[in-house]
Amino acid sequence: MKKSTSKLSSLQPEQLAAWVKEAINRSKSGQIPAYVPLLAEADRQEFAVQIRAIDGNILSWGSIAKTFPLMSAVKPFVLLYLLCELGEKTVFDCAGCEPSEMPFNSLTQLETDGGKPRNPMINSGAIALASLIPGNNAVARCQNLQTWLNQQANSQLFVDELMLDSVNQKRNQNNRDLALAMLKFGYLQNAEIALETYNRICCLSGNVEDLAKLGMVLVKSDEALWENCRTVKALMATCGLYEASGRFALRVGLPAKSGVSGAMLSVIPGEGAIGCYSPPLDREGNSVGGLFLLEQIAKALRLSVFD
Ligand code: GLN
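Residues numbered from 1 in each chain as written. Predicted model: local features only at pLDDT ≥ 70, side-chain atom pairs only at ≥ 80, totals over all residues. Heavy atoms only, no water.

> How do you make sense of the overall build of the chain when you look at a structure like this?
Across its full length, the chain holds 14 helices and eight strands. Here the C-alpha radius of gyration of the chain, 18 Å, is about what a compact globule of 307 residues would show, namely 19 Å. Summarising its shape, the C-alpha atoms of the chain cover approximately 55 × 40 × 35 Å along the three principal directions. For the chain, with 307 residues in total, the buried portion stands at 58%. Restricting to contacts in the chain with at least 6 residues of sequence separation, those with at least 24 account for 70%. Of the roughly 12,800 Å² of accessible surface on the chain, a fraction of 50% belongs to carbon and sulfur atoms. If you average the places of the 29 positive and of the 30 negative side-chain charges in the chain, the two averages end up 3 Å apart. (Helix = DSSP H or I, 4+ residues; strand = E, 2+ residues; numbered from the N terminus. Rg over C-alpha atoms; globule rule 2.2 N^0.38 Å. Buried < 20%, exposed > 50% of the residue type's maximum accessible area, 1.4 Å probe, protein only. Contact = heavy atoms within 4.5 Å. Areas by Shrake-Rupley, 256 points an atom, 1.4 Å probe, with all protein chains shown as cover. Lys, Arg positive; Asp, Glu negative; His and termini not counted. Charge placed at Lys NZ, Arg CZ, Asp CG, Glu CD.)

Have a look at this one:
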């Protein structure tokens, strides 16, 4: 048996299975988002989780081969990529680093802030950052991000073209309004390419293994990346779950990021990463089942960074 150096490795499969069962039960109270037709078709009962420990132990449960779009769970990795490519000054001139108190797609929040996105974890911030990704067009930009991420994480992210068609089928006026406001206030040069890139990178897809492997990039923090990884983890902890981030810090105490697909990633500094997929969402747009499971694991194993 492998020598265990991570608290995560003490988690027993039976215990995980019991929590997952309860997580699926609780997720019945959640809603499946309707604004992307293909997301609306998600199976409410579907559940997958992979826990990767720094010592190499891996524990998985559920539909682990099921692929889903990362949606907002890609945002920490857009941030990481741009911090590495362009540096902190360029990135934080474009989007701030303060938590937001309004929903992830709030135009009021953006206007209150004079057109500068509060942080890179909400839609305005991610749309603004998408416009900084190197490449001549949305396809090239997304490809550059995808290649870099797959290299860093040893993951197999791909663009789900059917999902992208579905995203494009219903015009997202809200995101468009965010882009136009940023254009007006001078935080964006080209709204079209920013939106096109943003929609495409949100459709980068993979399974819970890919999600957990992405999380491990932030945990392993290679010498060349460690400072930027620290920045990303801090922003996940303070802004990753939008206006629920403060509450989550008390209950769980880990950097995390959700996506409207039901993706939920959490990283445990120095210990490992947890990738989870469960489509029903709460009012704030976070996976009900994912949140429940993370809380159980964090409490039982005392994983909170504040423990
Ligand atoms: N593409 C989604 C949107 O713009 C991402 C949002 C999310 O996952 N919260 O609405």
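> What is the right way to read helix α7 (residues 138-153) from this model?
Under the 1.5 Å per step criterion, the end-to-end length of α7 is 22 Å for 16 residues, consistent within 8% with the ideal 22 Å. On its buried side, α7 packs onto α3 (75-86), α6 (123-130), β4 (158-159), α10 (191-202), β5 (204-206) and α11 (208-220). Capping the start of α7, Asn-137 holds a side-chain oxygen 3.3 Å from the backbone nitrogen of Val-139, two or three residues further along. (Expected span 1.5 Å × (residues − 1). Polar contact = N/O pair within 3.5 Å; in protein donor to acceptor, adjacent residues only side chain to side chain.)

> Help me understand the nonpolar core, please; the structure alone is not making it clear to me.
Judged by nonpolar contacts, the single largest core of 70 residues is most densely connected at Leu-79, Ile-127, Leu-145 and Ile-201. The contacts of Leu-145, once residues within four sequence positions are left out, are Val-74, Phe-77, Val-78, Tyr-81, Ile-133, Ile-201 and Leu-204. In terms of nonpolar packing, the next biggest core, distinct from the first, is built from 30 residues, Leu-8, Leu-59, Cys-276 and Ala-298 among them. (Core = buried A, V, L, I, M, F, W, Y, C linked by side-chain atoms within 4.5 Å.)

> I would appreciate a short explanation of the sheet that holds strand β6 (residues 256-258) in the present structure.
Through backbone hydrogen bonds, the strands of a sheet pair up, either in parallel or in antiparallel fashion. Strands sit in the order β2-β1-β8-β7-β6 across an open sheet of five strands; the sheet is antiparallel. Each edge of the open sheet is held by one strand with a lone partner, namely β2 (58-62) and β6. Along the sheet, successive strands turn relative to each other by an average axial angle of 5°, direction set aside. Where strand β1 (residues 48-53) and β2 come together, five bridges link them in antiparallel fashion. If you follow Arg-52 over to β2, its bridge partner there is Ile-58. The strands touched by α11 are β1, β7 (263-268) and β8 (272-277); relative to β8, the strand with the most contacts, the crossing angle is about 150°. (Pairing = 2+ DSSP bridges. Axes fitted to C-alpha atoms, helices over the stretch in contact; angles between N-to-C directions.)

> I tried to follow the sheet that holds strand β3 (residues 68-69) on my own but got confused; where do I start?
The strand order across the open sheet formed by three strands is β3-β5-β4, and the pairing between neighbours is antiparallel. Taken across any chain shown, the strands that pair with only one partner, and hence form the sheet edges, are β3 and β4. Two elements, β4 and β5, share two bridges in a ladder whose sense is antiparallel. Of the residues in β5, the one forming a bridge with Val-159 is Leu-204.

> What should I look at first to understand the packing of helix α9 (residues 173-184) against α10 in this one?
Two quantities define a packed helix pair, namely the angle between the axes and the distance from one axis to the other. Their axes nearest at 10 Å, the elements α9 and α10 cross at an angle of 140°. By the angle between their directions, the pair α9 and α10 is classed as oblique. As for the relative orientation of α9 and α10, their crossing is right-handed in sense. Across the interface between the two elements, Asn-175, Arg-176, Ala-179, Leu-180 and Leu-183 of α9 pack against Ala-191, Glu-192, Leu-195 and Tyr-198 of α10. The class makeup of the residues in the contact of α9 with α10 is six nonpolar, one polar and two charged. (Parallel < 35°, antiparallel > 145°, perpendicular 65-115°, else oblique. Left-handed = near helix turned anticlockwise from the far one by under 90°. Nonpolar A, V, L, I, M, F, W, Y, C, P; charged D, E, K, R; others polar.)

> Teacher, can you tell me more about the pattern of salt bridges here?
Any two side chains of opposite charge can pair, given that their charged atoms come close. The final tally for this structure, using the stated rule, is eleven salt bridges. Close ionic contact of Asp-113 with Arg-118 constitutes a salt bridge, the shortest N to O distance being 2.8 Å. Accessibility expressed as a relative area gives 18% for Arg-118, which makes it buried. Two residues, Glu-227 and Arg-230, come together in a salt bridge whose shortest N-O distance is 3.8 Å. With Glu-227 and Arg-230 both in helix α12 (residues 226-239) and three residues apart, the pair spans about one turn of that helix. A relative accessible area of 46% places Arg-230 in the partly exposed class. Among the charged side chains, a salt-bridge network with shared partners connects Glu-101, Asp-113 and Arg-118. (Salt bridge = Lys/Arg side-chain N within 4 Å of Asp/Glu carboxyl O.)

> Would you explain the environment of Asn-154 in this entry?
Topologically, Asn-154 is positioned in the loop between α7 and β4. Look at Asn-154 and you get exposed, because its relative accessible area is 56%. Between the C-alpha atoms of Asn-154 and Leu-214, which are 60 residues apart in sequence, the distance is 8.3 Å. Not counting chain neighbours up to four residues away, the residues in contact with Asn-154 comprise Leu-149 and Lys-213.

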